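# Structural features, examined
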Amino acid sequence: MNKAANAILALSRAFYGRRLDQRQYNDLIACKSMNEVASYLKTRTAYASAFTAVGTADFSAKTLENVIDESRFGNFISLCRYELAIGSDFYKYFIVKTEVEQILKCTLHMIGGNSESYLMQMNAFIDKHLSIDLYALGRADSLEQIAKSLEHTAYESLYKRCLSDPERSYLTFELAFNTYFENFKDQLVEHCFKGEEKKKMREMICRNFDVSFIEKQFRIIRYYKSNNEVTKLSMPASVSLTLLSEKQLRQLYACTSENELITVLKNSPYKDCFDSGADKNIERQMTENFYQYCKKQIRFSSYPSVVMFSYLFLSEVERNNLVRIIEGIKYKIPPEQIGDSLLGVGD
């Protein structure tokens, strides 16, 4: 293994080793204000360096979330340098993922009539590393202006096609951009890897897709049972990066209840995900299963990209835990309830 590849393994595991422990989570949950959370993160955790450029002593929930995102994205940029050194383009997976998420988030705000809030929530640090202009996105006051901000990018024609749909809704954009991302991932795995590493990387990408896909089907069944249009729009034109068979995919699309969904999944590669005695929904159990899978891979895999992907998912889990704590404190949620919503605490 060359030095750069070895560095990706070592650095990913080092970043993971600096994750929050049980005591730190307990201390954060016990904080009474955003400033207390900021002080704790700044003085007693690995997030300290992200606070150096913050020019405020009075923190809002959104400012704290941006600092956490900057820390996580900064670690990703460090890993990207070594990805480039070994000649791998796989880092583009995370760049395109972030770009698609930002385009869809801005579109959702616009369709919801709350376009100003996107610019207020935008992270300026992340903007520096993307091919799209987040400030131009944030200044848009119509869907047409969003399309204009994407001119000369890979997303321009796709967004304009969505705009031209006479029956467009947010789901029109979500389906189109998620399908674009699925195809991009497929091509990237084919281009970047070969042999056993390609097999392992493909399995990880498939599992990651399946978690999101099954969670989406769960939400459609729970909240849109009688809406055939929503169910139809949830079906991508093709799915290649999945461990589910075509038959299982068709069965999942046809489910009309949570029990039917679980029945199909219990005859799938995810049959061991579900504990009938557990008081957890499908979304939680699927995420926990992939979390455990990534924990195993980051410790035992010898493939740099597998380890890097595992770290970035695990760091996203920690990021989401911190957001839940911050929002819980903001809205005065009981500490016990905040703790119950977290994933992987004490591992």
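Small disclaimer: the values here were computed from a predicted structure and weren't measured.

Here helix 5 (residues 92–111) is 20 residues long and its end C-alpha atoms lie 28 Å apart, about the 28 Å a rise of 1.5 Å per residue gives. Here helix 5 lies mainly inside the structure; 14 of its 20 residues are buried. Gly113 lies just past helix 5 and shows a positive phi near 75°.

Time to look at the side chain of Gln248. If you trace the backbone, Gln248 turns up in helix 14 (residues 246–254). Taking the relative accessible area as the measure of exposure, Gln248 reaches 13% and is therefore buried. A polar contact is formed between the side chain of Gln248 and the backbone oxygen of Asn267, at a distance of 2.9 Å.

Attention shifts here to the nonpolar core. Ranked by internal contacts, the top residues of the largest apolar core, which has 85 residues, are Phe76, Phe90, Ile146, Tyr159 and Phe309. Here this core gets 10 residues from one element, more than from any other, and that element is helix 12 (residues 195–223). Those residues in contact with Ile146 that lie beyond four places of it in its chain are Cys106, Thr107, Met110, Leu137, Ala140 and Tyr159. Formed by 24 residues, the second largest nonpolar core is a distinct cluster that contains Tyr25, Met34, Leu64 and Ile68.

At a minimum axis distance of 9 Å, the contact between helix 16 (residues 282–300) and helix 17 (residues 304–330) shows a crossing angle of 135°. On the basis of their axis angle, the class for helix 16 and helix 17 is oblique. Crossing handedness for the pair helix 16 and helix 17: left-handed. On helix 17, the residues touching Thr287, Phe290, Tyr291, Cys294, Lys295, Gln297 and Ile298 of helix 16 are Val306, Val307, Phe309, Ser310, Tyr311, Phe313, Leu314 and Val317. Classifying every residue of the contact of helix 16 with helix 17 gives 11 nonpolar, three polar and one charged.

Turning our eyes to something else, we now look at the pattern of salt bridges. What the rule picks out here adds up to 18 salt bridges. The closest approach of N and O atoms between Asp89 and Lys92, which form a salt bridge, is 3.8 Å. In this structure, the salt-bridge partner of Lys160 is Glu156, at a minimum N-O distance of 2.9 Å. On the criterion of helical spacing, the pair formed by Lys160 and Glu156 is a turn pair, its members being four residues apart in helix 10 (residues 156–163). When its relative accessible area of 38% is taken as the criterion, Lys160 is described as partly exposed. It is possible to trace a salt-bridge network through shared partners that takes in Asp186, Glu190, Lys198 and Arg202.

For any two helices packed against each other, the geometry comes down to the angle between their axes and how far apart the axes lie. Where helix 5 contacts helix 17, the axes come no closer than 11 Å and their chain directions differ by 35°. Along the contact surface, helix 5 presents Tyr93, Phe94 and Lys97, while helix 17 presents Met308, Phe309, Leu312 and Glu316.

Here is what the cut-offs are and how they apply
- Residues numbered from 1 in each chain as written.
- Predicted model: local features only at pLDDT ≥ 70, side-chain atom pairs only at ≥ 80, totals over all residues.
- Heavy atoms only, no water.
- Helix = DSSP H or I, 4+ residues; strand = E, 2+ residues; numbered from the N terminus.
- Expected span 1.5 Å × (residues − 1).
- Buried < 20%, exposed > 50% of the residue type's maximum accessible area, 1.4 Å probe, protein only.
- Polar contact = N/O pair within 3.5 Å; in protein donor to acceptor, adjacent residues only side chain to side chain.
- Core = buried A, V, L, I, M, F, W, Y, C linked by side-chain atoms within 4.5 Å.
- Contact = heavy atoms within 4.5 Å.
- Axes fitted to C-alpha atoms, helices over the stretch in contact; angles between N-to-C directions.
- Parallel < 35°, antiparallel > 145°, perpendicular 65-115°, else oblique.
- Left-handed = near helix turned anticlockwise from the far one by under 90°.
- Nonpolar A, V, L, I, M, F, W, Y, C, P; charged D, E, K, R; others polar.
- Salt bridge = Lys/Arg side-chain N within 4 Å of Asp/Glu carboxyl O.

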